[in-house]
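A structural walkthrough
Residues per chain, in single letters:
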Amino acid sequence: MPDALPTLTLQPAPGGAPRAVLGGSWSAARLADPIQWQQISQGLADLASPGAVTWDLRAITRLDHTGAQLLWNTWGHQWPAQLQWQPGQRAMLERVARFSIAAVKPARRTLWQLFLRLGELLWLLWDHLVGLLALTGQLLLDVVALLRAPRRGPWRDVSGHLFRIGARALPVTALVGFTIGVVLAYLMSRQLRLFGADTFIVNILGLAIIRELGPMLAAILIAGRSGSAITAQIGVMRVTEELDAMRVMGIARGYRLVLPRAIAMAIAMPLISVWTTLAALLGGMLAADVVLGVTPAYFFATLPRAVAISNLWLALGKSVVFGLLIALIGCHYGLRVKPNTESLGQGTTASVVTAITVVLLVDAVFAVVFRNLGL
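This one's a predicted model, so the numbers in the text were calculated from it and none came from an experiment.

**Examining the overall build of the protein**
In terms of regular secondary structure, the protein is built from 13 helices and four strands. The C-alpha atoms of the protein give a radius of gyration of 33 Å, which is well past the 21 Å a tight globule of 375 residues would have. The C-alpha extent of the protein, read off along each of the three principal axes, is 90 × 70 × 50 Å. When the 375 residues of the protein are sorted by exposure, 39% land in the buried category. Sequence separation of at least 24 residues holds for 78% of the intrachain contacts in the protein that already meet a minimum separation of 6. Here the protein displays about 21200 Å² of accessible surface, and carbon together with sulfur accounts for 66% of that area. The averaged location of the 18 negative side-chain charges in the protein is 6 Å from the averaged location of its 31 positive side-chain charges.

**Some details on the nonpolar core**
Ile222, Leu243, Val258, Met265, Met269 and Ile326 are the most contacted members of the largest nonpolar core, which has 39 residues in total. Within the residue set of this core, elements represented by two or more residues are α5 (111-148), α6 (155-165), α8 (201-239), α9 (242-248), α10 (253-291), α12 (309-335) and α13 (341-372). Tallying contributions element by element places α10 first for this core, with eleven residues. Setting aside its immediate chain neighbours within four residues, Val258 contacts Leu135, Leu139, Arg253, Leu328, Cys331 and Leu335. By size, the runner-up hydrophobic cluster in this structure holds 21 residues, among which are Ala20, Leu70, Trp72 and Val96.

Cut-offs and rules
- Residues numbered from 1 in each chain as written.
- Predicted model: local features only at pLDDT ≥ 70, side-chain atom pairs only at ≥ 80, totals over all residues.
- Heavy atoms only, no water.
- Helix = DSSP H or I, 4+ residues; strand = E, 2+ residues; numbered from the N terminus.
- Rg over C-alpha atoms; globule rule 2.2 N^0.38 Å.
- Buried < 20%, exposed > 50% of the residue type's maximum accessible area, 1.4 Å probe, protein only.
- Contact = heavy atoms within 4.5 Å.
- Areas by Shrake-Rupley, 256 points an atom, 1.4 Å probe, with all protein chains shown as cover.
- Lys, Arg positive; Asp, Glu negative; His and termini not counted.
- Charge placed at Lys NZ, Arg CZ, Asp CG, Glu CD.
- Core = buried A, V, L, I, M, F, W, Y, C linked by side-chain atoms within 4.5 Å.

Purely geometric numbers; function is a separate question.
So this is what it looks like as C-alpha cells:
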C-alpha cells in the first residue's frame, strides 16, 4: 500500500495556542511531489512562531530525515514549547537536531580584500598579455622560418584547417548574414518611409554591411565556432599528454600547432567575411524589394556608387586581423589548459568570451582610426 499524503491541519483554540496537527507520510518520496511540497511549504510558512503553536506529530505514519529536517527548519532550529510526538519520531528529530548547523552568513569583504582581489585580477591580465605577446613573437619567428624553407612548411595542416574553418562554416554564416540583412532592411524601411527616403536604404545597407556588420558577424561566428574548437583541440592534447610527447621528441609546438591555424584563419576570415556580406546584402535586397519596392536592378546599379571600394578593402584588412587574433587567442588558451577536464572546459569558455570581446574592441578601434583618416 502506498503511503498516505502528508497533511497539515491548523485547529484554532479559543483559550490557548492554536494546534498544528500533522498526518500522513512526511517522507522524501511524498514531499518530492511539486504539488505536495508547495502545499506543505505554504502551510508551514503561514504558521506563527514555534512558541505560539502546539505541534502534534502523533498522526504521522512515516517520518524520515527529509520530513524531520523540514520541521526543524520551520521551528528555527529550536524546540517548540509544546510538542507531542511518538518515541520513534523523537529519535529522528533529535538526530536531525544534533547534526544540523545554522547557515553560515558570508563575510563581507573589507576594502583591503577588495584591493587584493583587484591586484589578483590585474596580475592575471598581465600574465595573459605577456603569454599572448610571447606567442605572437614566436609566430613571427615561425613565419620567418617558413619563408626560408617553404617546402618544409605544414601545408597539409593548413589545408585541413582551411576546410574545417572555412568550408564548413559557410552554411551557418550565410544563414546568419541573410537573416541580419532582412532584419536590418525591415527596421530601416519603417524609418525611411516616414521621410520619403526609400532609395537611401541601398546606401545605408551597403555601407553598414560591407564595412562593419559583415566582417564583425563573420568574426563573432568564427570565434564561437572555430576559436573554441582550436582551444579544445590543443587542450585535449594537453590532457592526453601529446604536448609533452612533442616536447620530448623536439617538435616545435608553435610551428606545428599555432602557425597552421593562424595561416588558415588569416586566409579563411576574409573569404568568410565576403561570403557573409553577400548573404546579408541578398537578404537586405529582397526585403527592400518586398517592403519598399526597391528592385534588385536598382539595388545593383546604386550599390557601387553608394559604397566606395575602399570600404571593401578596409573590411578585408579587418578580417585578416580578426582571424589572426582569434587563432592566437584560441591557441593561447589551449596551451594554458591543465591536464584535467575542468580546466579544459574553463579554457574553452574563456577563449570564446575573450575572442569575441577582442573582436569588438578592435573593430571599435578600426572605426575610430579610419574615421579620423577620412575613410
